[in-house]
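# Structural overview for review
Chain residues, written in single-letter form:
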Amino acid sequence: MNPQVELRRLRMHFPLARGRTVKAVDGVDLTIQRGETFGLVGESGCGKSTLGRTLIGIYRPTGGEVIFEGKNTADFTKAETRAFARRVQIIFQDPYASLNPRMVVREIIGEGLEIHGLGTRKERHEKVRAMMELVGLDPEYQNRFPHEFSGGQRQRIAIARALVVNPELVVCDEPISALDVSIQGQIVNLLKSLQERIGLTYLFVAHNLSMVKYISDRVGVMYLGRLVEIASKDELFSNPLHPYTQALLSSVPIPDPKLEAARVEKTPEGELPSPIATIEGCAFRSRCPFAQQKCRTMQPVLTEAAPQHLVMCTLHGTPSGS
Amino acid sequence: MSEAVGPILSVEHLSVVFHTYAGIVHAVRDVSFSLSKGEVMAIVGESGSGKSVTAQAIMGLTPVPPGEIRSGAVTYGGTDLIGATPGDFARIRGDRISMIFQDPMTSLNPSMKIGTQIREVLHQHKATSRAESRARAIELLRLVGIPEPEARLGQYPHQFSGGMRQRIMIAIAIANNPDILIADEPTTALDVTIQSQIFRLIREVQRMFGTAMILITHDLGLVAGAADRVLVMYGGRVVEEGKRDQIYYKPQHPYTFGLLNAVPKLTDARDQPLRTIEGLPPLLIDPPNACAFADRCPFVMKICRQLDPGYFVPVPDNRVACWLHHDAAARQRETFMATKATA
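Residues numbered from 1 in each chain as written. Chains lettered and ligands numbered in written order. Predicted model: local features only at pLDDT ≥ 70, side-chain atom pairs only at ≥ 80, totals over all residues.

Within a sheet, adjacent strands bond to each other through the backbone by hydrogen bonds, running parallel or antiparallel. Residues and elements named next belong to chain A. Sheet architecture is open: eight strands sit in the order β6-β7-β8-β3-β9-β10-β12-β11, paired in mixed fashion. Each of the sheet's edge strands pairs with one partner strand only, and the pair in question is β6 (88-91) and β11 (303-306). The mean inter-strand angle of the sheet, taken between neighbouring strand axes irrespective of direction, is 25 degrees. Where β6 and strand β7 (residues 169-173) come together, four bridges link them in parallel fashion. Paired with Gln89 across the two strands is Val170, which belongs to β7. Its contacts with the sheet put helix α1 (residues 48-55) on β3 (37-41), β6, β7, β8 (201-205) and β9 (218-223), and the angle it makes with β8 is roughly 150 degrees. (Pairing = 2+ DSSP bridges. Helix = DSSP H or I, 4+ residues; strand = E, 2+ residues; numbered from the N terminus. Axes fitted to C-alpha atoms, helices over the stretch in contact; angles between N-to-C directions. Contact = placed C-beta atoms within 7 Å.)

With 18 residues, helix α6 (residues 181-198) of chain A extends 26 Å from end C-alpha to end C-alpha; this agrees with the ideal 26 Å at 1.5 Å per step. Those residues of α6 of chain A not exposed but buried are Val181, Ser182, Ile183, Gln184, Gly185, Gln186, Ile187, Val188 and Leu191 of chain A. Close packing links the buried residues of α6 of chain A with α5 (151-163), β7 and α7 (209-215) of chain A together with α11 (254-262) of chain B. Count one or two residues on from α6 of chain A and you reach Gly199 of chain A, which has phi positive near 75 degrees. (Expected span 1.5 Å × (residues − 1). Buried ≥ 20, exposed ≤ 12 C-beta atoms within 10 Å, placed from the backbone.)

Attention now moves to the nonpolar core. Residues Ala42, Ala171, Ile182, Leu215 and Val223 of chain B are the most contacted members of the largest nonpolar core, which totals 99 residues. Sort the elements by how many residues they give to this core and helix α7 (residues 162-174) of chain B lands first, with eight residues. Split by domain, this core shows at least three residues from each of two domains, domain 1 (7-233) and domain 2 (254-266 + 287-343) of chain B. When residues no more than four places from it in sequence are discounted, the contact partners of Leu215 of chain B are Val40, Ala42, Ala183, Val223, Ala226 and Ala227 of chain B. Formed by 89 residues, the second largest nonpolar core is a distinct cluster that contains Phe68, Ile109, Leu163 and Cys295 of chain A. (Core = buried A, V, L, I, M, F, W, Y, C linked by C-beta atoms within 7 Å. Domains from an automatic or database assignment.)

It is worth spelling out the domain arrangement of chain A at this point. Residues and elements named next belong to chain A. You can read the domains of chain A as domain 1 (3-216) and domain 2 (234-316). Between the C-alpha centres of domain 1 and domain 2 the distance comes to 28 Å. Residue assignment for the side of domain 1 that touches domain 2 shows that the elements contributing at least two residues are β2 (21-33) and α7. Per element, the largest residue contribution to the side of domain 1 that touches domain 2 is four residues, and it comes from β2. Looking at the side of domain 1 that touches domain 2, its residues break down into four nonpolar, one polar and five charged. (Nonpolar A, V, L, I, M, F, W, Y, C, P; charged D, E, K, R; others polar.)

Turning next to the interface of chain A and chain B. At the junction of the two partners, chain A supplies 33 residues and chain B supplies 35 residues. When residues of the side of chain A that touches chain B are traced back to their parent elements, those giving at least two are α6, α7, α9 (243-250) and α10 (257-262) of chain A. It is α6 of chain A that provides the largest number of residues to the side of chain A that touches chain B, a total of six residues. Of the residues assigned to the side of chain A that touches chain B, the class counts are 15 nonpolar, 11 polar and seven charged.

Residues and elements named next belong to chain B. Read from one edge of the open sheet, four strands run β2-β1-β4-β5, paired in antiparallel fashion. Where the open sheet ends on each side, the last strands, each with one partner, are β2 (23-36) and β5 (79-80). When strand β1 (residues 7-20) meets strand β4 (residues 67-76), the two strands line up antiparallel, connected through eight bridges. Paired with Glu12 across the strands is Ala73, a residue of β4.

Take the environment of Val16 of chain B next. All names here are of chain B. Relative to the assigned elements, Val16 resides in strand β1. Overall, the presence of 24 C-beta atoms within 10 Å leaves Val16 in the buried class. The sequence separation of Val16 and Ser71 amounts to 55 residues, and the corresponding C-alpha distance is 7.4 Å. In this view, Val16 contacts Ala27, Val28, Val53, Ala57, Thr62, Gly67, Ile69 and Arg70; residues no more than four positions away in its chain are not counted.

Okay, here's the thing in structure tokens:
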């Protein structure tokens, strides 16, 4: 085992007016191995994007630790912090909003190289061309502006921008949600082949379960700021243990009429509680069909219910009464 | 479903263009279809394929300018809606034909109480007293699953969650028991578990009132569960139309096949690279009078880039705009069939 990054009791609370806080990430423990693709799923507002952003240092965590390659990021020296900004990169959801419309592709992709002072001017120029080729863009287009490209091509630009500085960990924050079905596959295949060639670690944040299943090695399910289940993708999809995971998986319509007719929906009633509210006990209990009295009082902890299969639920394992 | 009854809505040779600085965009090109009473027809396709523009044209919501309906007829109950005056449309829209939009935040009036918004559509079409419309609004909110409807009538859209707002949209859409419901990506903006709740609700009300529905979506899972018939659009054209099972199990157009194949299924256990449709959708400025899919089609032939295929009927209750079904294309067609068999 060779951990790339470890999150220990990570918390990211955003303050609101009148002393309230949004508990976007509320005590997450997670280890991502080097070279692994970790898929993070959950519904909007569950904190999955915030988790990714806190991990790479866009937000300063309000609690807990981010351990990168064995060293706490809070203890980084100035030089280490600067290097960390190169070693972790992010690809955002909306390639229409994440690329500066006033910069041409050459400047967008090359900016990271300049900031980190990598290579001579000529080397940088070569690197940008090579990167464009790698992601399937014609280097002849390097002097064009983002608006001259389609959504899928823009996402390729965003990928090139992220990878040009040779990062070790890339957070892919819903990288395909804004794209059409026929283009999604192209981008996912690209991300996967780049990982095989360069040996990247991915944190793949998405709500599209079938894509997450396809690309991930392990998958984590988030609910209201907490990771409620972690398992290898095959284990998670074939044997989901948390009632929320079961509900989530059973809610996805299957693009096959016969299988779709046979699908048993276990969609939970009601909606996600507000992340502002303080919830005693299990966060899912208000929607959980198996909720018992003890779910109200006990805060379940992430427990190994089966080998390498962690779940935060009073039904599995004995929760400590923290 | 109801061949004897005849269609309640028919669209014939509809063409819609948009005038832009870059040129004239041919968004919908010669689209024809009909809808029977109580039927659910899905229109699937990617962004820019013309599915929403088709719906807009039916509802008289095409923004003119820049839009322009070049030709075609939309017939509802003996009336041609293309030539209809705004007054005619005001009578039909929200009463006989209503629409559920994708984004309930932008389609509800943010400065109007939801009770007023529901009652507006009731008063618009029937002489109703305030007490009656209030009672009906409460009934509708209860029907779409909003708890404590009496109390919530006086609230504004921002006081509701996305899922609840979409429920309100549905209440407004069904307020007058319409004959036709047009649902344009009704659950795309919602989360998985909420999507499943909302779509179940749409199906329930649609069945309860025997409403015909045009379901516009790119989610092939929703279509698999709900549609009787499927219309596949690409580049502003209907490239294939057929009954649901035929479309899913015996697709006749390479694009239909590619689209179905490009969706990884949760039930897929294999770890192969994702099948994709290479290339990009066509630009609809000056589209050639030939197959729009030719540049991305793995089975492309010379004729595909030269002439529009028109429609073939290779299997019953189907039409497909593809040269592979021409007699002279037997060999290439076999390649296509063989590829399908191994997929």
